[in-house]
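# A structural walkthrough
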Amino acid sequence: MTFTVRRLSEDELFGLKTSWGELLGRSDADPLFMSWAWQVSWWETWSQALELELLLLGVYSESDELVGLAPLYLKSVRTPVGWRVRRLHVIGNAWKLGPTVRTEYVGLIVDRTHQKPVMKRLADCLAGFAWDEMIVADASPRSMNLLEPALSESMDIARLVRSEAEGVLVPVESGYRRWLERLGKNTRLKAFNRRAVFESEVAGEYVPWDDPESFLQELNQFHRERWGKPCFDRHAVRFHLAFLSRLGNGQLARLSALTAKGQVVSVLYDVQAGNRVYNLQAGFMESFHPKLSLGTLHLGYAIEAAFNDDTVIGYDLLAGSGKNTFYKSRFQGEQVVFTTVEYVRSPVLKLAYGARACLPQQLVSSVNRFFRL
């Protein structure tokens, strides 16, 4: 079969909702972060502010069916001496460019029936563009295993791991009671046993929240009180409102709150995409009750709801740690490693990275500044 690669415009990006969703369903790409709703909302929010150049590549079959998507952008940065470094990024993250929301499980979207030939066409096409290095931030092992062989076959690149982050995915097919039994004594107490205190002493309830705008305001207020700053700045609020308004293709907002005597004491920002529920954010009163850990208690309710939903097979706590400890590890889930990888194409940058590895530590920062590494 012959496949054709087309560079798509921004107008075409905004018109791809249906075909993007259909392709996503035939791929192994992440159904939340690589969805049209997430990607187009991110681009709408930050592309102009960060002066990004869209490089959206679509792969089409002989019958004009969309079988592959590379949602990318180009950004040039200048070193202190005026040398320009041209970087290729995946839409959803702005590595070393500016603060945006975090996009995880990053990768390309390819029809699983045609993975190898489609990836080969995409890699060959990328080789024809002028860029020095490609940044894939918070990629999953599956997406890297798909991308790296194709890139290596089409061009001479060096691979550098810039960072790794750990996440936790809780499988919910084994049964809720069995999962509770596997929890440590203290975690089980906070997530489940203390419900009796919450529901009786303070008349607490676990309730859904329908209005995204007021929900995000409440979430931001909890973060101001606990961390001294909002969870989401105005750009991120705009992004999330746009994203939530575009949900479709098996995506569902699961916004919830814990209330005590009518007062909101905790909020949880979850979204279901495909057969997984993703925990995007949480906010709560830190010192509400001496016997209650509201964050853990709220997660206990949400995870139980996932166990009770036949359409869900996992509750994803994603990457990131808590204020004091990596609390996610206590929920008896599977470890997920997110890797930020740099694929270096420029011979000059390859030399710079090689030299940096041999230099004394005090000179490494100078090399980093010079090359904007």
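Residues numbered from 1 in each chain as written. Predicted model: local features only at pLDDT ≥ 70, side-chain atom pairs only at ≥ 80, totals over all residues. Heavy atoms only, no water.

Time to look at the overall build of the chain. Tallying secondary structure elements over the chain gives 13 helices and 13 strands in all. When its C-alpha atoms are laid out on the principal axes, the chain stretches across 65 × 55 × 35 Å. A total of 373 residues make up the chain; the buried ones form 53% of that total. Long-range pairs, those at least 24 residues apart, make up 73% of the contacts in the chain between residues at least 6 apart in sequence. Total accessible area on the chain stands at roughly 17,000 Å², and carbon and sulfur atoms take up 48% of it. For the chain, the distance from the average position of its 44 positive side-chain charges to the average position of its 42 negative side-chain charges is 7 Å. (Helix = DSSP H or I, 4+ residues; strand = E, 2+ residues; numbered from the N terminus. Buried < 20%, exposed > 50% of the residue type's maximum accessible area, 1.4 Å probe, protein only. Contact = heavy atoms within 4.5 Å. Areas by Shrake-Rupley, 256 points an atom, 1.4 Å probe, with all protein chains shown as cover. Lys, Arg positive; Asp, Glu negative; His and termini not counted. Charge placed at Lys NZ, Arg CZ, Asp CG, Glu CD.)

So, about the domain arrangement of the chain. Many authors give the size of an interface as the accessible area that is lost as the parts come together. When the domains of the chain are assigned, the result is domain 1 (4–157 + 345–371) and domain 2 (168–336). Summarising the inter-unit geometry, the C-alpha centres of domain 1 and domain 2 are found 31 Å apart. If you look at the interface, domain 1 gives 21 residues, while domain 2 gives 22 residues. Summing both partners gives a buried area of about 1,800 Å² for domain 1 against domain 2, and 63% of it is carried by carbon and sulfur. If you sort the residues of domain 1 by the area they bury against domain 2, Leu32, Thr45 and Tyr105 come out on top, with a joint share of 28%. Where domain 1 touches domain 2, the interface holds 1 salt bridge. The salt bridge involving Arg246 is made with Glu44; its shortest N-O contact spans 3.0 Å. In this structure, the connection of domain 1 to domain 2 is made through 10 residue pairs in polar contact (both at pLDDT 80 or more). (Domains from an automatic or database assignment. Buried area = accessible area lost by both parts, 1.4 Å probe. Salt bridge = Lys/Arg side-chain N within 4 Å of Asp/Glu carboxyl O. Polar contact = N/O pair within 3.5 Å; in protein donor to acceptor, adjacent residues only side chain to side chain.)

For the rest of this paragraph, the subject is the packing of aromatic side chains. Both the distance between ring centres and the angle between the ring planes are used here to describe each pair of aromatic rings. Summed over the entire model, instances satisfying the criterion amount to 18 aromatic pairs. With centroids separated by 5.7 Å and ring planes inclined at 35 degrees, the aromatic side chains of Trp46 and Phe239 adopt a geometry described as tilted. Of this pair, Trp46 sits in helix α3 (residues 36–46) while Phe239 is found in helix α10 (residues 234–245), placing the two residues 193 residues apart along the sequence. Side by side, Trp46 and Phe239 carry an identical accessibility label, which is buried. (Phe/Tyr/Trp six-rings, centres within 6.5 Å; stacked < 30°, edge-to-face > 60°.)

Quick look at the side chain of Ser47 now. Within the secondary structure, Ser47 sits in the loop between α3 and β2 (53–60). Residues contacting Ser47, with those up to four places away along its chain left out, are Glu10, Trp42 and Leu52.

A few words on the environment of Ser143. Relative to the assigned elements, Ser143 resides in helix α5 (residues 141–154). Judged by its relative accessible area of 14%, Ser143 falls in the buried class. A C-alpha to C-alpha distance of 7.1 Å links Ser143 and Leu108, two positions 35 residues apart in sequence.

Our focus in this paragraph is the pattern of salt bridges. Under the definition given, this model contains 17 salt bridges. When the shortest N-O distance is used, the salt bridge between Arg226 and Glu286 registers 3.6 Å. Here Arg226 is found in helix α9 (residues 212–227), whereas its partner Glu286 is found in the loop between β11 (276–284) and α11 (294–307), with 60 residues between them in sequence. Each of the salt bridges in this network shares a partner with another, and the network as a whole consists of Arg7, Glu53 and Arg86.

Turning next to the nonpolar core. Judged by nonpolar contacts, the single largest core of 89 residues is most densely connected at Trp42, Phe243 and Tyr269. If sequence neighbours within four positions are ignored, Tyr269 has contacts with Phe215, Leu216, Leu219, Phe232, His240, Phe243, Leu244, Leu255, Tyr278, Asn279, Leu280 and Gln281. By size, the runner-up hydrophobic cluster in this structure holds 18 residues, among which are Leu180, Val277, Leu299 and Tyr315. (Core = buried A, V, L, I, M, F, W, Y, C linked by side-chain atoms within 4.5 Å.)

Moving on, we get to α5. The end-to-end C-alpha separation of α5 is 20 Å, in line with the 20 Å expected for 14 residues at 1.5 Å each. Listed in full, the buried residues belonging to α5 are Ser143, Met144, Leu147, Glu148, Ala150, Leu151 and Ser154. The inward-facing, buried residues of α5 contact α4 (115–127), β6 (133–139), β7 (158–171) and β13 (334–344). (Expected span 1.5 Å × (residues − 1).)

For the rest of this paragraph, the subject is unusual backbone geometry. With a phi angle near 55 degrees, Asp138 is a residue other than glycine that sits in the positive phi range. Take Asp138: it is sitting in strand β6. Residue Asp138 is classed as buried on the basis of its relative accessible area, which comes to 8%. In this structure, Leu318 takes a positive phi of about 60 degrees despite not being glycine. Take Leu318: it is sitting in strand β12 (residues 314–319).

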